[in-house]
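# Survey of secondary and tertiary structure
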Amino acid sequence: MHFTAKCWRKGSKHAILHVTETREENTMTYTKRYMSPVGVILLAADDAGLTGLWFEGSKYFAAELPKAHIEQDTPVLLETIQWLDVYFAGKKPDFTPPLHLIGSDFRQAVWNILLSIPYGRTMTYGQIAKQLAKNTGIDKMSAQAVGGAVGHNPISIIVPCHRVVGTNGSLTGYAGGLDKKIALLKLEKADTARFFRPKKGTAL
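Report follows, based on the coordinates. Keep in mind that what you see is a predicted model, and the values were worked out from it rather than measured. (Residues numbered from 1 in each chain as written. Predicted model: local features only at pLDDT ≥ 70, side-chain atom pairs only at ≥ 80, totals over all residues. Heavy atoms only, no water.)

### Some details on the layout of surface pockets
One number sums up the size of the largest pocket: a volume of about 260 Å³. Contributing to the lining of the largest pocket are 23 residues, with Tyr60, Gly151, His152, Asn153 and Pro154 lying nearest its centre. The set of elements that each furnish at least two residues to the lining of the largest pocket consists of strand S5 (50-55), helix H2 (105-114) and helix H4 (143-151). Residue contributions to the lining of the largest pocket peak at 3 residues, all from S5. Class assignment for the residues of the lining of the largest pocket results in 12 nonpolar, 8 polar and 3 charged. (1 Å grid on protein atoms, 1.4 Å probe; cavity = no way out; pocket = protein on both sides within 12 Å on 5 of 7 lines; lining within 4 Å. Points joined across faces, edges and corners; volume = space filled by probe spheres on them. Helix = DSSP H or I, 4+ residues; strand = E, 2+ residues; numbered from the N terminus. Nonpolar A, V, L, I, M, F, W, Y, C, P; charged D, E, K, R; others polar.)

### A few points about the pattern of salt bridges
Considering all chains together, one arrives at 4 salt bridges under this definition. A salt bridge links Glu56 to Arg33; its shortest N-O distance comes to 2.5 Å. Of this pair, Glu56 sits in the loop between S5 and strand S6 (69-71) while Arg33 sits in strand S3 (residues 29-36), placing them 23 residues apart in sequence. Looking at Glu56, the relative accessible area reads 34%, which means it is partly exposed. Arg33 sits in the partly exposed class, given a relative accessible area of 41%. (Salt bridge = Lys/Arg side-chain N within 4 Å of Asp/Glu carboxyl O. Buried < 20%, exposed > 50% of the residue type's maximum accessible area, 1.4 Å probe, protein only.)

### Observations concerning the side chain of Glu188
Relative to the elements of secondary structure, Glu188 occurs in the segment after helix H5 (178-187). Under the relative-accessibility criterion, Glu188 is labelled buried at 4%. Non-local contacts of Glu188, meaning those with residues more than four positions away in its chain, are made with Tyr87, Tyr119, Gly120, His162 and Arg163. (Contact = heavy atoms within 4.5 Å.)

### Comments concerning H4
Within the span of H4, buried status applies to Ala143, Val146, Gly147, Ala149, Val150 and Gly151. Looking at the buried side of H4, the elements it contacts are H2, helix H3 (125-136) and strand S9 (164-165). Sitting at the head of H4, Ser142 places a side-chain oxygen 3.1 Å from the backbone nitrogen of Gln144. (Polar contact = N/O pair within 3.5 Å; in protein donor to acceptor, adjacent residues only side chain to side chain.)

### Some points on the packing of H2 against H4
Between H2 and H4, the shortest axis-to-axis distance is 9 Å and the interhelical angle comes to 80°. One finds that H2 runs roughly perpendicular with respect to H4. Contacts between H2 and H4 involve Phe106, Arg107, Val110, Trp111 and Leu114 from the former and Ala145, Val146, Ala149 and Val150 from the latter. Grouping the constituent residues of the contact of H2 with H4 by class yields 8 nonpolar, no polar and 1 charged. (Axes fitted to C-alpha atoms, helices over the stretch in contact; angles between N-to-C directions. Parallel < 35°, antiparallel > 145°, perpendicular 65-115°, else oblique.)

### Quick look at helix H1 (residues 75-88)
The terminal C-alpha atoms of H1, which comprises 14 residues, lie 20 Å apart, in line with the 20 Å expected from a rise of 1.5 Å per residue. Packed against the buried residues of H1 are S3, strand S4 (39-45), S5 and H5. Gly90, located one to two residues past H1, shows a positive phi value of around 85°. (Expected span 1.5 Å × (residues − 1).)

### Comments concerning the nonpolar core
A general tendency of soluble globular proteins is for nonpolar side chains to be buried together. Residues Leu50, Leu53, Leu114, Val146 and Ile157 are the most contacted members of the largest nonpolar core, which totals 44 residues. Mapped onto this core, the elements with two or more residues apiece are S3, S4, S5, H1, strand S7 (99-102), H2, H3 and H4. In terms of residue count, H1 provides more of this core than any other element does, 7 residues in total. Among all residues touching Val146, those that are not within four sequence positions of it are Phe106, Val110, Tyr125, Ile128, Ala129, Leu132 and Met141. (Core = buried A, V, L, I, M, F, W, Y, C linked by side-chain atoms within 4.5 Å.)

### Here's the deal with the packing of aromatic side chains
Under the defined criterion, the tally for this structure stands at 4 aromatic pairs. Ring geometry for Tyr34 versus Phe88: centroids 6.3 Å apart, planes at 25°, classification stacked. Taken together, the residues span a long stretch of sequence, with Tyr34 in strand S3 and Phe88 in helix H1 at a distance of 54 residues. Look at Tyr87 and Tyr119: their rings are 6.2 Å apart centre to centre, the planes differ by 85°, and that puts the pair in the edge-to-face class. Of this pair, Tyr87 sits in helix H1 while Tyr119 is found in the loop between H2 and strand S8 (123-124), placing the two residues 32 residues apart along the sequence. For Tyr87, a relative accessible area of 0% puts it in the buried group. Positioned above the aromatic ring of Phe55 is the side chain of Lys180, whose terminal nitrogen or guanidinium carbon lies 5.5 Å from the ring centre. (Phe/Tyr/Trp six-rings, centres within 6.5 Å; stacked < 30°, edge-to-face > 60°. Lys NZ or Arg CZ within 6 Å of the ring centre and 35° of its normal.)

What follows is the structure, encoded as structure tokens:
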């Protein structure tokens, strides 16, 4: 099933956000590895946009990567590398590469909210659940369900799931690992004074 392509503003330039529930057959995927200061990153893209950005060793590493893919430079991957170079230099990128997010309607709705979280700021799972409930016209949304969608975000950093924290300040739920989550927040100079590493079973 295809959804209508969307365009959203990020900084001073536009980025095309193409969303689909499933990957089209016969669509070629291209990959490239990026050596970041916090670990090796695998990038994936098709002709529509960036489809994946995973830290090697992360919980859902390359979960949506098709078996048939080619390691090759493409305009989307090169633009993503440029974005990452700016980001890891400690600056807020003023552009965003085209994104092709693949997932269910629910996950798409959660990821869209993630894209709205400002650089250097954080949002709780509960706040996302409330906003999603409001957007969809229902009384209540489960923070745990939101947590599942956040954890399965296939495009880390650019779709900033590292900016999501527990209601009580717990740094819970980052598939790339808590050390990386903390490093990314510090890179953005986010106020991390009230945050802490969660104990097992900490609520969202």
